[in-house]
Amino acid sequence: MDKKIAVLIRAGLPYTKTIKYGYEKAREIGAKILLVGVVPDLDASRRFALSLYEFSSYDSFSKKLEREAVDYLERAIQFCLDNGITAEVSVEAGGLEKVIKKTSKDKDTKLVVVPSPVKEEHHHEFLNAIKHFAHDMLDHEVRCPVVSVLAI
């Protein structure tokens, strides 16, 4: 069994303190770090908003979001390399809420570290993810702690 600390990387959210915190916790318990790139979910409300602007197809916009997520994840990987941090990497689609839920259900994951938003445009997604996570905790759907690291 390989213990893991999952650090979520979401484009636009600061990752340096999040990775450092995950790394410290991983060292404490002898775990590996897993960087999880989060691709935003194109749910019904986002699709409706896009349809109002009609600036591109859902597929091309979805691919753009995925490309941005991977590019941002590559910057986080470079940060790890520059700081001597070895990490495994994966990319998950579905937005923060779904990725928190999926990652926390893995029996090897001992902690999920989530970055906190510093820009208003990310507040809704972050608060929505925390709201659903709290509900899931009451339903016992997650198997490990989830913490948010303040970037400031």
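Placed above this text is the structure.
Let me sum up the structure you'll find in this document. The shown structure was predicted, so the numbers you read here are calculated from the model rather than taken from an experiment.

### Some words on the sheet that holds strand β3 (residues 87–93)
Move 1: Taken together, the 5 strands give an open sheet; going across it, the order is β3-β2-β1-β4-β5, and neighbouring strands pair in parallel fashion. This sheet does not close on itself; its edge strands, each paired only once, are β3 and β5 (146–149). Across this sheet, the average inter-strand angle for adjacent strands is 25 degrees, counted without regard to direction.
Move 2: Two strands pair when backbone bridges link them, and strand β2 (residues 32–39) and β3 are joined in this way by 7 bridges, in the parallel orientation. Paired with G37 across the strands is V91, a residue of β3.
Move 3: Sitting on the sheet, helix α1 (residues 16–29) is in contact with β1 (4–10), β2, β4 (109–115) and β5, with an inclination near 175 degrees to β1.
Move 4: Strand contacts of helix α4 (residues 95–105): β1, β2, β3, β4 and β5, with the helix running at about 170 degrees to β1, the strand carrying the most contacts.

### Quick notes on the nonpolar core
Move 1: Grouped together as the largest cluster of nonpolar side chains are 19 residues, with contacts concentrated most on V7, I9, Y15, I19 and L35.
Move 2: For this core, the elements supplying multiple residues, two or more each, are β1, α1, β2, α3 (58–82) and β4.
Move 3: For this core, the leading source of residues is α3, giving 5 residues.
Move 4: Membership of the second largest hydrophobic core comes to 13 residues, among which are L8, L34, L96 and V114.

### Digging into the pattern of salt bridges
Move 1: Counting across every chain of the model gives 7 salt bridges.
Move 2: Across the salt bridge formed by E92 and K102, the nearest N and O atoms sit 2.8 Å from each other. Of the two residues, E92 sits in strand β3 while K102 sits in helix α4, which places them 10 residues apart along the sequence.
Move 3: A salt bridge links K107 to D108, with the nearest nitrogen and oxygen atoms 3.5 Å apart.
Move 4: Where salt bridges share partners, they join D2, K32 and E88 into one cluster.

### A short note on the environment of I19
Move 1: Structurally, the position occupied by I19 is in helix α1.
Move 2: A relative accessible area of 0% means that I19 is categorised as buried.
Move 3: In sequence terms I19 and V7 are 12 residues apart; their C-alpha atoms lie 6.4 Å from each other.
Move 4: Leaving out residues up to four positions away in the same chain, I19 has contacts with V7, I9, I33, L35, A76, F79, C80 and I85.

### A look at the pairing of β2
Move 1: Taken across its 8 residues, β2 has 7 buried, putting it largely inside the fold.
Move 2: Pairing of β1 with β2, which is carried by 7 bridges, proceeds in the parallel orientation. Of the residues in β2, the one forming a bridge with I9 is G37.

So, how was this worked out
- Residues numbered from 1 in each chain as written.
- Predicted model: local features only at pLDDT ≥ 70, side-chain atom pairs only at ≥ 80, totals over all residues.
- Heavy atoms only, no water.
- Pairing = 2+ DSSP bridges.
- Helix = DSSP H or I, 4+ residues; strand = E, 2+ residues; numbered from the N terminus.
- Axes fitted to C-alpha atoms, helices over the stretch in contact; angles between N-to-C directions.
- Contact = heavy atoms within 4.5 Å.
- Core = buried A, V, L, I, M, F, W, Y, C linked by side-chain atoms within 4.5 Å.
- Buried < 20%, exposed > 50% of the residue type's maximum accessible area, 1.4 Å probe, protein only.
- Salt bridge = Lys/Arg side-chain N within 4 Å of Asp/Glu carboxyl O.

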